[in-house]
Structure formats: C-alpha cells, structure tokens
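# Geometric and topological summary
Okay, here's what each chain looks like letter by letter:
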Amino acid sequence: MATMLPTEKPGARSLADVLPNSVSALAGESNALDLPAVHSVVVIVVDGLGRSQLSARAGHARFLAARPRDPITSVFPTTTAAALATLTTGVSPGQHGLVGYRTLDAANDRLVNQLTGWDDKMVPDVWQPEPTVFERAAAGSIRSFAVGPAKFRSSGFTKAVLRGADYRSANSLSDRFAAASKILSTGEPSLTYLYIPELDKASHQYGWESDQWLGALEAVDAEVQSFARTLPPRVGVLVTADHGSVDVPQHSQVLFDQAPELVTGVRHVGGEPRCLHLYLEPGATDADRLALATVWEQSEGERSWVASRQDAVANGLFGTVRPEVLSRIGDVIVAARKRIVYYDSRPTDQTARSMIGQHGSLTADERIVPLVRLGAFER
C-alpha cells in the first residue's frame, strides 16, 4: 500500500513524560524535562487545547500565550481515554491497554466505550493493570490528588487511570482551582492533577473556531493567571492537554458503509470518526487484514492513512503492545489526514454526527500539545 501510517519516532518529549518528571522534581532528582526541585506540583490538563489552537487564538489567552511553550507529542490515537491513561501511567497505549475511544472486548464479542462504558465485565485494574504515577508517588511519601467534576469521581475510567490519587470533586472551573489552592495551603508536599473538560465540550458542540470555544478559552486563561499569581513558594505548575482538535463541517462527513466493499467481513466498527478501528469476523487471517486494508487504501488513501494491525504495531504507533491488548486494536486502522470524518450510517443512533470539533488522528493539529511552565517551573 502507498499510504501507510507513519513510523513512530522515539525520543521526542511526550505526554508520557509529564507526571513521571514531576515526581522526579518532587524528589529533587534530575529529569528529562529539566524541572527544578520543588515542594509541590500541580499539573493542569486542558482537554482539547492543542498547540496550534492556542497559537491561533493567542489574543484570547494572553497569559498562557505569553509564557514559553514547549511542544510535546500526545499519543495515537489522539483520544482522551488513550491520552489521559498515558499521562497518568507514563506508558504507551499498547501497555496500559486503552488503545482507542471504542475498542473490542473480544472475550465478550462487543465494543466498549473506554470513557463511559465500564461495567462488571470490564474491571478497571484488570483492563488497565499498569500502576499509575500517583501510586508510584505514594511509595516516596508524596500524596496525590485529582481535582475534577463530581460526575467523574467514581467512574470506571477514573478507577482505571487515577488510582492512588485522592479525588476532590469540584464542578465549576473556579471551584477546581480553589480546591487545588486548598490542597497547596496545607503546606504538605503533594502532586495534584487538575482536569478541565470545558474546552473539549465546546469544541465538539460548536467547533474550536467558535465564539463559545473562545469564551471557554478566555475563562481558562483567566483562572490559570489568577492561580499562578497566588502560588506558594516552591510550587511548580505545568499546563498541558491530551490532544488538539480539527473542525469538520457536515459536508465533509464520509458515510463509508455506503461502499459495500469497505465493510465486507467487518464485524465491529470501533475507534472514532477520525480514527476507525475495523474488526473482522473471528478467525480472520493476516491475508484478510491485508485485503481489507488494500480496499480502503484504494478508496481512501488520498485523504487517510490506512494500515493493518500488524503494520501499525510494527511501526510503533501504539508503543510496545502487551499480548492481551492486541485484540483491542483494529484489524485495519483508518486515520484521517484531510479535514474529514468517517461515519457508519447503519446504526439507529446518529447523534454523534452533530459534532463539529473532532480528534483521534495523527495530524499535528490533533497530536501536538503545549507544555506551559509556571510558578517554580517557569524559566
């Protein structure tokens, strides 16, 4: 095939470095991010704030935009489940197992939503067995906290990726920063993860180029500025994101099921609109995967990367892949290069097609995120 998924290039600074290096700074150890020794760390995750979006709207985020921003690389696929799991474990999706938004649970022959679809057949510490950075920090007597909306407090996803952190519920943006300030006010060494979903929500509903997204960005910038001005000494703050975003108009939606050859032999369609995971019927061979990938390449190769599971894994897109995670990766993967999304028009529920802001693929707009250093980390 002519248009393979690009080969992963090891060595670049990535989302996996952020929390492990923060723990090193808390221990006074040298680290890859050159973070100085500090007493406490707060890592602020602004869901959906890509580097290109921040740069394009710098006038609406003057505080963040005025600070030096290191570009770091998110994971593939650029979806929240995979990226936040990498952030909080420090390992690749192939190791922690959250390799997409919707992935195959082969043991139960079903697709599972790795953000909201957890049930008794999907045990968090079995499905995601890697120790979190928070659990590892506890071994060094560093207490960890996670600050986010109350509705996420007891979710399966939270149990899978925030284990070891004391969850503090705070629904509004200002309340979350107030909760982080309260943690710091104790004077005890701590590692705090503060999650901001508002930008991603506005992006999906209105697009990141909308006035609503700009309003959310301005609110985040103002809260970060206020928080930074009141930081106690020797507190380092990092602001980053799980992924960026691409606005896709409705006329650029591709209804792939209307070409029968693209779904022949496909049992499940997982992933998300900019990164499909296509799962063949049980017993499919490497030849079957290659045949389906070839058909997709011939149809979509001008506007998407196409690869079989074998090639995607060989190219390092998921990092090192544990054997039990292989079946969660699509037999064939289709990742959009152009400003398009793929939808299956066969399911009754088509509400997802109202989304404007999209992510999941390998473009720089989706994959490159900022790392802003504040407080004791500011250079």
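Here is a short report on the structure shown in this document. (Residues numbered from 1 in each chain as written. Predicted model: local features only at pLDDT ≥ 70, side-chain atom pairs only at ≥ 80, totals over all residues. Heavy atoms only, no water.)

Next up on the list: the overall build of the protein. Helix and strand counts for the protein come out as 14 helices and 17 strands. For 379 residues, the compact-globule formula gives about 21 Å, and the C-alpha radius of gyration of the protein, at 20 Å, lands near that figure. For the C-alpha atoms alone, the extent of the protein along its principal axes is close to 60 × 45 × 35 Å. Of all 379 residues assigned to the protein, the portion counted as buried reaches 56%. A sequence separation of at least 24 residues applies to 75% of the contacts in the protein between residues at least 6 apart. About 15100 Å² of surface is accessible on the protein, with carbon and sulfur atoms providing 51% of the total. (Helix = DSSP H or I, 4+ residues; strand = E, 2+ residues; numbered from the N terminus. Rg over C-alpha atoms; globule rule 2.2 N^0.38 Å. Buried < 20%, exposed > 50% of the residue type's maximum accessible area, 1.4 Å probe, protein only. Contact = heavy atoms within 4.5 Å. Areas by Shrake-Rupley, 256 points an atom, 1.4 Å probe, with all protein chains shown as cover.)

Pairing is antiparallel in the open sheet, where four strands are placed in the order E11-E12-E14-E13. The sheet is open, and its two edges are formed by strand E11 (266–272) and strand E13 (304–308), each paired on a single side. Averaged over all adjacent pairs, the angle separating strand axes in this sheet is 15°, with direction ignored. For E13 and strand E14 (residues 332–336), the ladder comprises five bridges, and the chain directions are antiparallel. By the bridge assignment for E14, Ser 308 is matched with Val 332. Relative to E13, helix H12 (residues 286–300) is tilted by about 170°, and along the sheet it contacts E11, strand E12 (275–280), E13 and E14. (Pairing = 2+ DSSP bridges. Axes fitted to C-alpha atoms, helices over the stretch in contact; angles between N-to-C directions.)

A full pass over the atoms with the stated rule returns eight aromatic pairs. When the ring of Tyr 193 is compared with that of Tyr 195, the centres are 6.4 Å apart and the planes differ by 5°; the resulting orientation is stacked. Accessibility expressed as a relative area gives 11% for Tyr 195, which makes it buried. Taken together, the ring pairs connect Phe 134, Phe 152, Tyr 193 and Tyr 195 into an aromatic cluster. Here the basic side chain of Arg 328 rests over the ring of Trp 127, its NZ or CZ set 3.6 Å away from the ring centre. Lying over the aromatic face of Trp 305, Arg 337 brings its terminal NZ or CZ to 5.9 Å of the ring centre. (Phe/Tyr/Trp six-rings, centres within 6.5 Å; stacked < 30°, edge-to-face > 60°. Lys NZ or Arg CZ within 6 Å of the ring centre and 35° of its normal.)

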